[in-house]
Structures are given as structure tokens and as C-alpha cells.
Amino acid sequence: GQKHVLSRLAHNLLVTYLLSEAHSGYDLPWMSHRLFPEFLGGAPRHEKHHHDGRVYYQQYFKYLDDFFGNTEEALGIGDSKKKIQVEEQKQQLLR
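What this report covers is the structure whose coordinates are included nearby.

Cut-offs used in this document
- Residues numbered from 1 in each chain as written.
- Predicted model: local features only at pLDDT ≥ 70, side-chain atom pairs only at ≥ 80, totals over all residues.
- Heavy atoms only, no water.
- Helix = DSSP H or I, 4+ residues; strand = E, 2+ residues; numbered from the N terminus.
- Buried < 20%, exposed > 50% of the residue type's maximum accessible area, 1.4 Å probe, protein only.
- Contact = heavy atoms within 4.5 Å.
- Salt bridge = Lys/Arg side-chain N within 4 Å of Asp/Glu carboxyl O.

With respect to the environment of Phe-61
Okay, so step 1: By the element assignment, Phe-61 lies in the loop between helix H3 (42-51) and helix H4 (62-68).
Okay, so step 2: Separated by 21 residues in the primary sequence, Phe-61 and Leu-40 place their C-alpha atoms 5.8 Å from one another.

What to know about unusual backbone geometry
Okay, so step 1: Residues other than glycine seldom take positive phi values, yet Tyr-56 does so here, at roughly 55°.
Okay, so step 2: Along the chain, Tyr-56 turns up in the loop between H3 and H4.
Okay, so step 3: Residue Tyr-56 is classed as buried on the basis of its relative accessible area, which comes to 5%.

Comments concerning the side chain of Arg-45
Okay, so step 1: Note that Arg-45 resides in helix H3.
Okay, so step 2: Residue Arg-45 is classed as buried on the basis of its relative accessible area, which comes to 14%.
Okay, so step 3: In contact with Arg-45, other than residues within four places in its own chain, are Tyr-56, Lys-62, Asp-65, Asp-66 and Thr-71.

Some remarks on the pattern of salt bridges
Okay, so step 1: Under the criterion given, the structure shown has five salt bridges.
Okay, so step 2: One salt bridge in this structure joins Asp-65 and Arg-45, with 4.0 Å as the shortest N-O distance. In this pair, Asp-65 is assigned in helix H4 and Arg-45 in helix H3, connecting sequence segments 20 residues apart.
Okay, so step 3: Accessibility expressed as a relative area gives 1% for Asp-65, which makes it buried.
Okay, so step 4: Here Asp-66 makes a salt bridge to Arg-45, at a shortest N to O gap of 3.4 Å. Here Asp-66 is found in helix H4, whereas its partner Arg-45 is found in helix H3, with 21 residues between them in sequence.

In short, geometric facts, not functional conclusions.
Next comes the structure, spelled out in C-alpha cells:
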């Protein structure tokens, strides 16, 4: 069906801005993922998705990744895995 011209324009501007922000790689205080952290993952989570495609699929609906377990913590990878590896290495050095 037909879309109202101003509605379509507002939608296109918002989505373009959010996509640009998510791909910018910046984590600035005024970015949308800081203003709405329960909904938007932003650049930090999206950057992790590009490094490991198993995590953080949703750019706009962060709670879906959390719900379905598509996070580093749920999969045991990322920073949480590095911390475990460091602890294991410390234990080996102490033996």
C-alpha cells in the first residue's frame, strides 16, 4: 500500500542514522545505545558481531539476543572466556 511521504522520510532518516551509528565503531556518551541501553546494542555489540558471527545478531532489539542466548556470556566466549583462560594459566604457573 501507499505510505505517507513524511512517515517514509522519517523512517528512512532514522534507520539510516541508526545503521551509520552501529557501523561507526564509536562508543560515545550521547549515542543511541547509551540513551536506550535496554533496546539498542549499538556499535560495541555490533563490532563484536563482525568479529564473531555467533553473537549479537540484533542491532535494534538487543533483548532478543539476550533472550535467545546469542551473547558472549551465554556462549562462554569473548571476555568471559579470556578471564577463565588467564585464571587457568595462573594456576598452572603456581604448580
